[in-house]
Structure formats: structure tokens, C-alpha cells
Amino acid sequence: MQQLTIKQVDAFTAVPFGGNPAGVITDASGLTVRSMQRIAAEMSMSETAFVSSTTRPDATFRIRFFTPTDEVDMSGHVIIAASFALAEDGRIELHDGITRIVFETNAGMIPIDIHFRPDGSPYPLDDAIEGGVPIHAGELQRGTLEKIVLNQKVLRHRPSAIPVSEIASILGIREREITKTGLPLEIISTGLEQLMIPVERKETIMSMHPDLIKLSLLDKRYGIDTNHIFSLDAYEPGSTSYSRHFAPKLGMWEDAATGTAAAGLGTYLLRHGVVATGTMMMEQGKEESRLARILVEIDDSDKSYSVAGIGGLAVTSITRTAQVDEKSVVIS
């Protein structure tokens, strides 16, 4: 029987049990696909990451992602969580400044930049998130994690043909909450087709109770995968937006923090002249005290806006032990 350590790591936050949680096993070598799926089912989280060694010279680690029922090719918040867990376990040698690692995934090679300042380094890195968080990375390295950043491709955007009255009815809000923004409904592809829905007030989004069955049916009719409802009326000074994210068509009622949608929203705001800079902090969640904070960095000199850096912090909230064989998984 194999014994494993499983972490619950909360991504896009420095607050335990905030942000978006993910399961992470930093040493999954020797696990079969069947065992990975069983562990993910027992963890019952949106996704669990399994990190192992790689034979590819252009990759640092191999990583796979499992929901409780299926393997998926890629998950932004989970890869942020896994990067943090690997650093915390001392499996990455962090340098003063930026340490790049590359994950081999089913979706291809994913480079990650870890911004780190060791103890005694006098100067913070540029664009650190609220000063970063202290981290004890393995036995020797202590310092401050500034942010973990991955690059997300934004493939295309197209106008939405959905009547505003119909989406407002499904969301349970007044139509004018959308129309008063002066911004369009738009579908942005980041590998998923994501509907951007502007709403005037954050309180409207926070108290929203969508009809998720009807939303799923609407998404199927219009070729949409997920729905990102956002407001420029954010909670924290300096934040660009506040949002919630629903994906009932994919079996995910609500996602607590969605890096791909934040990337798409960043390009949306730049293209429509809402913001003048490609650096944005975006809030997401349904509890004000536990909001995820997603840093978006876009090169605004490149008017194609085809790539967005998605950054954030992470924190381990729970560490558990699993006993695994081919017939059973016991997590304690």
C-alpha cells in the first residue's frame, strides 16, 4: 500500500479557505490513472492535481488534473496551487527574482513564473500582490512569495446574440442592471467559450441566485461553456472588477476563482476602452470576506491582446494522508 500526502491549497488568495481550493499531490509517481481518479473522487474538490517526474528535457514536472469523475487537460487555479505546493515542499529551487518552471500537461507545455524574494533581500519585486506572503520553501529557503504567474491564450471574441432580457431573467436581475453599463454581452474563447455579462452594481451580483437549469439550456443553445458576470463596482480600492462565475453546462454550478475568465475579461476591458492599462486586479467569489484576487497582466502595446498573464498567491489550508492500493483509497 502506498502512502501519500495530499494538500488542499487555496489559489488566488493568502487567506486559508478563501480563493479557489484544489487538491494537490506533489509526488504522484507510481500512481495509476485508476488510483488518481479514486483519490480525486474521495477528495470531492473541483479538481485535484497529480505531479510526477517527466522524461521531457523541456519540462520540469508532469502534471495531470482530475475532477471527481473525469480527467481534464488543464486548470489555471489548480496549476497555481500545485506550483505553490511544490515550492512549499522544497521541490523547486527558488531564486531571488523569477524562477521559471514548465509543466508537461495534456494540453501542452505550460510555463509558470514564480516571483520570490529570499530573507534579507531588501527590495520587493515589481507588481507584488499586497507585499506577498511569507513562505518556508523546504528545509533551507525562507522568504516572501510575491506571485505565481501563468500565461493564458485568448483566442477570439465575438458578439453575443442572446437578448439581454432573456439573460437578465435567468439571472434574476433587472434588465437595466445590464443595459446601464453601456457595455455589450460578448463571448470570448480561451479554450472555453465564455459569456461576459456586465452588471452595474456589485451588490446585485453578490445577492444573485440564477436559475442554473435554464442557464445550462441557454448555454447549449448558444454554444457557450461558462458565464462570467462582472461589475466595475469592486469591493477593494484598486481592484478593477468584481465577478461571479457559473458553468452549469459543464457540471460546475459556481467556480470560486476563474483565471481563464479573468484573462478574457482583461482583454474585453482593454478592447472596449474601459481601462487604460493592462495590469488589473480582479475580485471573484460569493462571500466578501473570502474573495479571490486574480492579477491580470496584458501587454497593452500589443493590440491583439492574445495573451494574458494570470497571477496570484496561494496558501495551504489542510494537509491529509492517503493510503492507496489498486482496490481502495483511505484518506485521513
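Keep in mind that this is a model prediction, so the values were computed, not measured. (Residues numbered from 1 in each chain as written. Predicted model: local features only at pLDDT ≥ 70, side-chain atom pairs only at ≥ 80, totals over all residues. Heavy atoms only, no water.)

A closer look at helix H7 (residues 259-271)
Here comes step 1: Its 13 residues give H7 an end-to-end C-alpha distance of 19 Å, which sits within 8% of 18 Å, the value for a rise of 1.5 Å per residue.
Here comes step 2: Buried residues dominate H7, accounting for 12 of its 13 residues.
Here comes step 3: Among all positions in H7, only Gly259, Thr260, Ala261, Ala262, Ala263, Gly264, Leu265, Gly266, Thr267, Tyr268, Leu269 and Leu270 are buried.
Here comes step 4: Looking one or two places after H7, you find Gly273, whose phi comes out positive at around 70°. (Helix = DSSP H or I, 4+ residues; strand = E, 2+ residues; numbered from the N terminus. Expected span 1.5 Å × (residues − 1). Buried < 20%, exposed > 50% of the residue type's maximum accessible area, 1.4 Å probe, protein only.)

Things to note about the packing of aromatic side chains
Here comes step 1: With the rule as written, the count across this model stands at 4 aromatic pairs.
Here comes step 2: Each ring, one from Tyr235 and one from Tyr242, has its centre 5.1 Å from the other, and the planes form 90°; the classification is edge-to-face. The residues Tyr235 and Tyr242 share a single accessibility class, namely buried.
Here comes step 3: Over the face of the ring belonging to Tyr235 we find Lys202, whose NZ or CZ atom lies 5.2 Å from the ring centre. (Phe/Tyr/Trp six-rings, centres within 6.5 Å; stacked < 30°, edge-to-face > 60°. Lys NZ or Arg CZ within 6 Å of the ring centre and 35° of its normal.)

Regarding empty space enclosed by the protein
Here comes step 1: Under the criterion given, the structure shown has 1 cavity of 30 Å³ or more.
Here comes step 2: Quantified by volume, the largest cavity comes out at close to 30 Å³.
Here comes step 3: The wall of the largest cavity is formed by His228, Ser241, Ser243, Ala262, Leu265, Met282, Glu283, Gln284 and Ile294.
Here comes step 4: Of all the secondary-structure elements, those providing two or more residues to the lining of the largest cavity are strand E14 (241-247), H7 and strand E16 (279-284).
Here comes step 5: For the lining of the largest cavity, the element with the highest residue contribution is E16, accounting for 3 residues.
Here comes step 6: Its residues placed into classes, the lining of the largest cavity shows 4 nonpolar, 4 polar and 1 charged. (1 Å grid on protein atoms, 1.4 Å probe; cavity = no way out; pocket = protein on both sides within 12 Å on 5 of 7 lines; lining within 4 Å. Points joined across faces, edges and corners; volume = space filled by probe spheres on them. Nonpolar A, V, L, I, M, F, W, Y, C, P; charged D, E, K, R; others polar.)

Let's talk about the pairing of strand E6 (residues 97-105)
Here comes step 1: Judged by how many residues are buried, E6 sits mostly within the fold: 7 of 9 residues are covered.
Here comes step 2: Bridge analysis of strand E4 (residues 61-66) against E6 gives 2 bridges, and the strand direction is parallel. Within E6, the residue paired with Arg62 across the bridge is Glu104.
Here comes step 3: In the sheet, E6 pairs with strand E7 (residues 108-118) via 9 bridges, with the strands oriented antiparallel. Opposite Arg100, over in E7, you have Asp113 as the bridge partner. (Pairing = 2+ DSSP bridges.)

Describing the domain arrangement of the protein
Here comes step 1: Domain boundaries assigned for the protein yield domain 1 (2-150 + 314-331) and domain 2 (156-305).
Here comes step 2: Distance from the C-alpha centre of domain 1 to the C-alpha centre of domain 2: 27 Å.
Here comes step 3: With 13 residues of domain 1 in contact, the opposing surface of domain 2 contributes 12 residues.
Here comes step 4: Summed over both sides, the interface between domain 1 and domain 2 buries roughly 1,100 Å², with carbon and sulfur atoms accounting for 53% of that surface.
Here comes step 5: At the junction of domain 1 and domain 2, the tally comes to 1 salt bridge.
Here comes step 6: The partner of Lys147 in a salt bridge is Glu297, and the shortest N-O contact between them spans 2.9 Å.
Here comes step 7: Along the lines of polarity and charge, the residues of the side of domain 1 that touches domain 2 split into 5 nonpolar, 4 polar and 4 charged. (Domains from an automatic or database assignment. Contact = heavy atoms within 4.5 Å. Buried area = accessible area lost by both parts, 1.4 Å probe. Salt bridge = Lys/Arg side-chain N within 4 Å of Asp/Glu carboxyl O.)

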